[in-house]
Amino acid sequence: AIYFSVCTDADGQYQLKGLPRDIPFRIETGGSDKSCGSTGNYVLTYWEGTSNYDELTPVTLTDAAPVADTLNFALAPGGTITGTITAKETGEPLSGMALIVSTENTSLQVCTDDNGQYTLEGVPFDTILRITSGGSNVGCTGATTFALTYWPDTQVWGEATLVILTRAAPSISGVDFSLMPGGTIAGRVIDAQTRQPLPRMAMGFSSDQIFILACTD
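Note that the coordinates shown come from a computational prediction; the quantities given were computed from them, not determined experimentally.

Draft legend 1. Structural context of the pattern of salt bridges. Considering all chains together, one arrives at 4 salt bridges under this definition. For Arg-21, the salt bridge identified is with Asp-63, shortest N-O distance 3.1 Å. Taken together, the residues Arg-21 in the segment before β1 (24-25) and Asp-63 in the loop between β4 (59-60) and β5 (79-87) connect sequence positions 42 residues apart. A salt bridge links Asp-153 to Lys-88; its shortest N-O distance comes to 3.1 Å. With Asp-153 in the loop between β10 (149-150) and β11 (171-172) and Lys-88 in the loop between β5 and β6 (98-102), this residue pair connects regions lying 65 residues apart in the sequence. Overall, Lys-88 belongs to the partly exposed group, its relative accessible area being 35%.

Structure representation (C-alpha cells):
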C-alpha cells in the first residue's frame, strides 16, 4: 500500500508532486485527521464528492495525462462524539486510548488526552455507527492490555448499541468506556525450512464476533 499526504495552504489550495503514474489513487480529506492543524469539523470526503468509500472515484495519472489539477473539494460539516475512557478496576482515566467509530465502509479514530477524554469530529450524518475502544489500540500510544469493548459495555459485536447522528442532532456526549483488562496470547513464527524467525508477520485473532490484528517483531 502507498500513502501520501499534504496540507492545504492559507487559500485552501494543495499540490502533491512526485506521484507514481499508472496507479489508481483514492483521495480523501476531512474526517478526524488533524495532523495538519485544522480546527474544522468536516465529514470525511472522498473524490468525487462522496462520504461513501464504495462510491469514490479513483484518480490515475498517466504519461499522456501526468497532471490532475482540478480535484477540488467542498466539505460539509460533520457531527461530534465526545466521552471519557477509564479503567474499570481503578476508575483511572486512560490516556492514549483509541476511540474508533466504524460505518459499513469506513472508520474514524481519535486518541484520548491525558485526562482520558476524547472529541471525535467529522462524523457523517444519517449513518449507522458502531463505537469501540480497547484491543490492540493501533494508532495511539496507550496501553494494549485492555479488552476490545463495544459501546456501551459489551465485548460482543452484535450487542453493541448503534448510534446515528443527524443534522438536527449533530452531536452526542457521554459516550464513555470503562475498560476491563484483556488476556494475552503469545508465540513465535519461523520459516518451516530455514527455522529462521519471521519478523513483521501479521497475526489475526478472530471469533464469531471479534477480529484483532497484531504483528510479529
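Draft legend 2. Fine view of the pairing of strand β9 (residues 130-133). A two-sided burial pattern is seen for β9, the buried positions comprising Arg-130 and Thr-132 on one face and Ile-131 and Ser-133 on the other. Bridge count for β9 against β10 is 2 bridges, and the pairing is antiparallel. Paired with Thr-132 across the strands is Tyr-150, a residue of β10.

Draft legend 3. Structural detail: the environment of Cys-7. Tracing the sequence through the fold places Cys-7 in the segment before β1. Residue classification places Cys-7 among the partly exposed residues on the basis of a relative accessible area of 38%. In this structure, the C-alpha to C-alpha distance between Cys-7 and Ile-81, residues 74 residues apart in sequence, is 25 Å. Aside from chain neighbours lying at most four places away, what touches Cys-7 is Gln-13, Tyr-14 and Cys-36.

Rules of the game
Residues numbered from 1 in each chain as written. Predicted model: local features only at pLDDT ≥ 70, side-chain atom pairs only at ≥ 80, totals over all residues. Heavy atoms only, no water. Salt bridge = Lys/Arg side-chain N within 4 Å of Asp/Glu carboxyl O. Helix = DSSP H or I, 4+ residues; strand = E, 2+ residues; numbered from the N terminus. Buried < 20%, exposed > 50% of the residue type's maximum accessible area, 1.4 Å probe, protein only. Pairing = 2+ DSSP bridges. Contact = heavy atoms within 4.5 Å.

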